[in-house]
Amino acid sequence: MLGLLYWTSEHSWKTKYPTLCLPSNREPFEIFRWPSIFRIGVTLCGTQSAAAAAPQSVTPMRKIDGHLKISKGSRLLGKQRVGYFVFQECSLVQYSNPSMGGGQTGRYNFRGATIVPDVDIEKGKFTIRCELDDDTGEIRLTAESEEEFAMWLAACRMASRGKAAGSIGFDSEKEACGVFINMVTPVKKADDGRRTLANFLPQGLVKKKNIKQLASAILDAHASVAGQTLLEAKLNYIRAWEVLLDFGVSYFLVKFTEPYRPKEELLGVAYNRLVRLDPVTHAHLQTWRYSTMRSWNINWEIKEMKIEHEDGPIAFTCRSADLKILHEFIGGYIFMGMRRDVHETVNTELFYKMTGGWEG
């Protein structure tokens, strides 16, 4: 049962704040389309029916199967193994042979996963980096061709959003993946003499030696966008930006008090997760999905935020900004996750409940 719970800090008993509570059958977070979070908004507002809050049924999926190379962990990139894979709903199942009679050798749940394409057309590299929302961590899937890469990338993206891979919307998702491949495909054109390094680099750098490789890369990159209009170039730039691993992540310097860590660390706040990073190398150390969050509360007197997750609580203080800013980021993202339709009227009262709480 969902209900509105009010949080009061240990010392500030007058401050009320809605604690986020999630049901056990959570779906992965998708911005504007998170059924579990939406049901919380229904409980907070009391304005929607239960039928409207229920998630839509999953349509039968098209069979997505084939051979891929797989590697696990950042240190095992050279140890790729070939396997036969089949998508079953939102899970990728690995078999020892195509007949699927040789036994299942692996199963990977893609719900809530972070999918990042890693493509180099010239080197024939078609890799999909998948940061799974469980103890598996990161896996990398490598396809043999552009067509296979587009199919598997589309399936992984759909599964990460909680949709059955190959269901309705797969064709449009695959088409979007094809557009991405075209964006990163180098287009080499003969130099007409009008474009030289002087158009792109300072004169001091142009005169230096050993920049032939840099010159070739710059001219090839320009040739790939030379035929685009200004609007097309801007849109393609945004699309390329959106597929980066750290797209949309805001960083805060924090110090963890539970579990205690003596050194300050980076906390990345994204639309669907919190990420703990090494402040020097920026390596991802730990990920907490909003879909695994049970509750959060704040002690405004000591400026400490505590979040309850399935794998245990975490608590930290913010060193690089006021804790209110970090609180507004998290509450704002969850508020957006409650909205099923971007055109619906904004519930300002609920918005202030999710992002406020320090007054009075």
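Residues numbered from 1 in each chain as written. Predicted model: local features only at pLDDT ≥ 70, side-chain atom pairs only at ≥ 80, totals over all residues. Heavy atoms only, no water.

Trainee: Got a minute to help me understand the environment of valine 243 in this structure?
Mentor: Within the element layout of this structure, valine 243 appears in the loop between helix 7 (230-242) and strand 10 (250-258). On the basis of relative accessibility, which here comes to 16%, the residue valine 243 falls in the buried class. Sequence separation between valine 243 and proline 117 is 126 residues; the distance between their C-alpha atoms is 7.0 Å. When near neighbours in sequence (up to four residues on either side) are disregarded, valine 243 contacts Val116, Pro117, Arg157 and Phe180. (Helix = DSSP H or I, 4+ residues; strand = E, 2+ residues; numbered from the N terminus. Buried < 20%, exposed > 50% of the residue type's maximum accessible area, 1.4 Å probe, protein only. Contact = heavy atoms within 4.5 Å.)

Trainee: Mind showing me how you'd approach the environment of cysteine 130 here?
Mentor: In this fold, cysteine 130 is placed in strand 8 (residues 125-131). Cysteine 130 sits in the buried class, given a relative accessible area of 0%. Taking the C-alpha atoms as reference points, cysteine 130 and leucine 141, 11 residues apart in sequence, are found 7.8 Å from one another. Apart from residues no more than four positions distant in its own chain, cysteine 130 is found in contact with Phe110, Thr114, Ile115, Gly137, Glu138, Ile139 and Leu141.

Trainee: Can you walk me through the sheet that holds strand 6 (residues 104-109) in this structure?
Mentor: Two strands in a sheet stick together by hydrogen bonds in their backbones, pointing the same way (parallel) or opposite ways (antiparallel). Within the open sheet, the seven strands sit side by side as 6-5-4-3-9-8-7. Their pairing is antiparallel. Looking at which strands have only one partner, the edges of the open sheet turn out to be strand 6 and strand 7 (114-120). Going across the sheet, the axis of each strand differs from the next one's by a mean of 35°, ignoring polarity. Contacts from helix 3 (residues 146-160) reach strand 3 (65-72), strand 4 (81-88), strand 5 (91-95), strand 7, strand 8 and strand 9 (138-142) within the one sheet, and its direction differs from that of strand 7 by about 165°. (Pairing = 2+ DSSP bridges. Axes fitted to C-alpha atoms, helices over the stretch in contact; angles between N-to-C directions.)

Trainee: Can you walk me through the pairing of strand 3 in this structure?
Mentor: The two faces of a sheet get side chains in turn, since along a regular strand they alternate between them. By the bridge criterion, six bridges tie strand 3 to strand 4 in an arrangement that is antiparallel. Paired with aspartate 65 across the two strands is valine 86, which belongs to strand 4. As judged from the four bridges shared by strand 3 and strand 9, these two strands associate in the antiparallel manner. By the bridge assignment for strand 9, lysine 72 is matched with isoleucine 139.

Trainee: Hey, could you run me through a nonpolar patch on the surface in this one?
Mentor: Together, Leu231, Leu235, Tyr237, Ile238, Trp241 and Leu244 line one region of the surface with nonpolar side chains, adding up to about 650 Å² of accessible area. Summarising the element assignment, leucine 231 is placed in helix 7. (Patch = residues over 30% accessible without salt bridge, like charges linked within 9 Å, V, L, I, M, F, W, Y side chains within 5 Å. Areas by Shrake-Rupley, 256 points an atom, 1.4 Å probe, with all protein chains shown as cover. Salt bridge = Lys/Arg side-chain N within 4 Å of Asp/Glu carboxyl O.)

Trainee: Any chance you could explain empty space enclosed by the protein here in plain terms?
Mentor: Rolled over the atoms, a probe sized like a water molecule indicates the empty space that remains. Evaluation of the coordinates by the stated rule reveals two cavities of 30 Å³ or more. Of the voids in this model, the second largest cavity is the one considered here, and its volume is about 30 Å³. Thr114, Val116, Arg129, Cys130, Glu131, Glu138 and Leu245 are the residues that line the second largest cavity. Elements that contribute at least two residues to the lining of the second largest cavity include exactly strand 7 and strand 8. At three residues, strand 8 tops the list of elements feeding residues into the lining of the second largest cavity. In the lining of the second largest cavity, the residues fall into three nonpolar, one polar and three charged. (1 Å grid on protein atoms, 1.4 Å probe; cavity = no way out; pocket = protein on both sides within 12 Å on 5 of 7 lines; lining within 4 Å. Points joined across faces, edges and corners; volume = space filled by probe spheres on them. Nonpolar A, V, L, I, M, F, W, Y, C, P; charged D, E, K, R; others polar.)

Trainee: How should the pairing of strand 15 (residues 304-309) be read in this particular structure?
Mentor: Burial along strand 15 is one-sided: Met305, Ile307 and His309 are buried, while Glu304, Lys306 and Glu308, pointing the other way, are not. Judged from the six bridges that link them, strand 14 (residues 293-299) and strand 15 form a sheet pairing that is antiparallel. Of the residues in strand 15, the one forming a bridge with methionine 293 is histidine 309. Count of turn residues in the strand 14/strand 15 antiparallel hairpin: four residues, of which lysine 303 carries a positive phi of about 55°. The antiparallel pairing of strand 15 with strand 16 (residues 312-318) creates a hairpin that spans two residues between the two strands.

Trainee: Explain the packing of helix 8 (residues 323-338) against helix 9 (residues 348-355) to me, please; I cannot follow it from the model alone.
Mentor: Running from N to C, helix 8 and helix 9 cross one another at 140°; their axes reach a closest spacing of 8 Å. Crossing handedness for the pair helix 8 and helix 9: right-handed. Across the interface between the two elements, His327, Glu328, Gly331, Gly332, Ile334, Phe335 and Met338 from helix 8 touch Leu350, Phe351, Met354 and Thr355 from helix 9. (Left-handed = near helix turned anticlockwise from the far one by under 90°.)

Trainee: So what exactly am I meant to see when it comes to the nonpolar core here?
Mentor: Side chains that are nonpolar tend, in soluble globular proteins, to be buried together. Core analysis: the largest hydrophobic core is formed by 36 residues, its most contacted members being Phe87, Phe110, Leu141, Phe149 and Trp152. Elements with a contribution of two residues or more to this core: strand 3, strand 4, strand 7, strand 8, strand 9, helix 3 and helix 4 (170-184). In this structure, tryptophan 152 is in contact with Ile64, Asp65, Gly66, Leu68, Phe85, Phe87, Leu92 and Ile128, ignoring residues within four places of it in sequence. Counting residues in each nonpolar core, the second largest holds 26 residues, with Tyr290, Met293, Trp296 and Met354 among its members. (Core = buried A, V, L, I, M, F, W, Y, C linked by side-chain atoms within 4.5 Å.)

Trainee: Could you clarify how one ought to interpret the sheet that holds strand 13 (residues 284-289) in this entry?
Mentor: The strand order across the open sheet formed by seven strands is 13-12-11-10-16-15-14, and the pairing between neighbours is antiparallel. The open sheet is flanked by strand 13 and strand 14, the only strands paired with a single partner. Each adjacent strand pair in this sheet contributes to an overall mean axis angle of 30°, direction not counted. As judged from the five bridges shared by strand 10 and strand 11 (residues 265-269), these two strands associate in the antiparallel manner. Bridge assignment links valine 254 to a residue of strand 11, and that residue is glutamate 265. Helix-sheet contacts for helix 8 involve strand 10, strand 11, strand 12 (273-277), strand 14, strand 15 and strand 16, and the interaxial angle to strand 14 is about 155°.

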